[in-house]
Amino acid sequence: MEKPDIKGKWKRPGKDQIFIGILVGVLLLVIALPQSGRSKQDQAEMTLSPKEETEESGAAEKMEQKLQEVLEQVEGIGRVQVMITLKSSGKKTVEKDESVSEEKTGGGAEEAGNEVKRTEKTTVFSRDSDGTETPFVIEETAPQVEGVLVAAQGGDNLTVAEDILDAAQVLFGVEAHKIKIMKLN
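Anyway, here's the lowdown on the structure attached to this text. (Residues numbered from 1 in each chain as written. Predicted model: local features only at pLDDT ≥ 70, side-chain atom pairs only at ≥ 80, totals over all residues. Heavy atoms only, no water.)

### Describing the overall build of the protein chain
Okay, step 1: When helices and strands are counted, the protein chain shows 5 helices and 9 strands.
Okay, step 2: The order of α-helices and β-strands along the protein chain, N terminus first, is α-α-α-α-β-β-β-β-β-β-β-β-α-β.
Okay, step 3: When burial is assessed residue by residue, the protein chain has 16% of its 185 residues classed as buried.
Okay, step 4: Summing over all exposed atoms, the protein chain offers an accessible surface of approximately 15,000 Å²; the carbon and sulfur share of this is 54%. (Helix = DSSP H or I, 4+ residues; strand = E, 2+ residues; numbered from the N terminus. Buried < 20%, exposed > 50% of the residue type's maximum accessible area, 1.4 Å probe, protein only. Areas by Shrake-Rupley, 256 points an atom, 1.4 Å probe, with all protein chains shown as cover.)

See below:
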């Protein structure tokens, strides 16, 4: 019985194969490094502080309270209960600093080198007097109202119901079919 020749089957890698292996390893490192740093920054930007969460959840309640206070002052409406549903809770756009760096790679006197432009965006923070940092907001859009329900003592009067409907349309930009007026007990 003959033993198989193991040394004959496995060849020693050549210089070209070693060089290609090193290049593939470096390429994988270059691809992996920027993504790991960027994902941490994106996660930090996407998480909301408890203060921001309560502001968003309270947006509908603030609008309900304001509408209720105004409607109760109108003649013929009487006591009012208001419910507002939101399509979106609004949006805050934060300021970002953008830095661009250019690098020339390769090339000698005869060859034209390649230019590589790298753009890096970082969030701008403002610091409070107590040292806490918050993202600098440059634009804030209001929440979008989906529907309005108003229960009013005078809700059975057509003139009063029409006034309530007009007020809700003007304030929230909602179509008439998304506003419901009912009589309150």
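Here the narrative resumes.
### Section: the pattern of salt bridges
Okay, step 1: Following the criterion strictly, the structure yields 3 salt bridges and no others.
Okay, step 2: Taking the shortest distance from any N to any O, the salt bridge between R127 and E133 comes out at 2.6 Å.
Okay, step 3: Take R127: its relative accessible area is 60%, and that puts it in the exposed class.
Okay, step 4: Of the charged contacts, one joins K178 and E146 as a salt bridge, the two residues approaching to 3.6 Å between their closest N and O atoms. Remark: E146 occurs in strand β8 (residues 144-152) and K178 occurs in the loop between α5 (158-172) and β9 (179-183); sequence separation between them is 32 residues. (Salt bridge = Lys/Arg side-chain N within 4 Å of Asp/Glu carboxyl O.)

### What about the packing of helix α4 (residues 59-72) against α5?
Okay, step 1: α5 packs onto α4 with a crossing angle of 140 degrees between their chain directions and a minimal axis gap of 12 Å. Relative to α5, α4 is oriented oblique. At the point where α4 passes α5, the crossing takes the right-handed sense. Note on element contacts: α5 touches α4 through I164, A167, L171 and F172, opposite M63, L67 and L71.
Okay, step 2: Looking at side-chain class alone, the contact of α4 with α5 contains 7 nonpolar, no polar and no charged residues. (Axes fitted to C-alpha atoms, helices over the stretch in contact; angles between N-to-C directions. Parallel < 35°, antiparallel > 145°, perpendicular 65-115°, else oblique. Left-handed = near helix turned anticlockwise from the far one by under 90°. Contact = heavy atoms within 4.5 Å. Nonpolar A, V, L, I, M, F, W, Y, C, P; charged D, E, K, R; others polar.)

### With respect to α5
Okay, step 1: Here α5 spans 21 Å end to end across 15 residues, near enough to the 21 Å set by a 1.5 Å rise per residue.
Okay, step 2: For α5, every residue scored as buried is listed here: V160, A161, I164, A168 and F172. Each buried residue of α5 sits inside an arc of 100 degrees when the element is viewed along its axis, so together they form one side. Across from the buried face of α5, at angles greater than 90 degrees, the exposed residues are L158, T159 and V170.
Okay, step 3: Its buried side turned inward, α5 meets α4, β1 (80-88), β8 and β9.
Okay, step 4: Measuring from the side-chain oxygen of the N-cap residue of α5 to the backbone nitrogen of T159 gives 3.0 Å; that N-cap residue is N157.
Okay, step 5: Backbone geometry just after α5 places G173 at a positive phi near 65 degrees. (Expected span 1.5 Å × (residues − 1). Arc of directions from axis to C-beta. Polar contact = N/O pair within 3.5 Å; in protein donor to acceptor, adjacent residues only side chain to side chain.)

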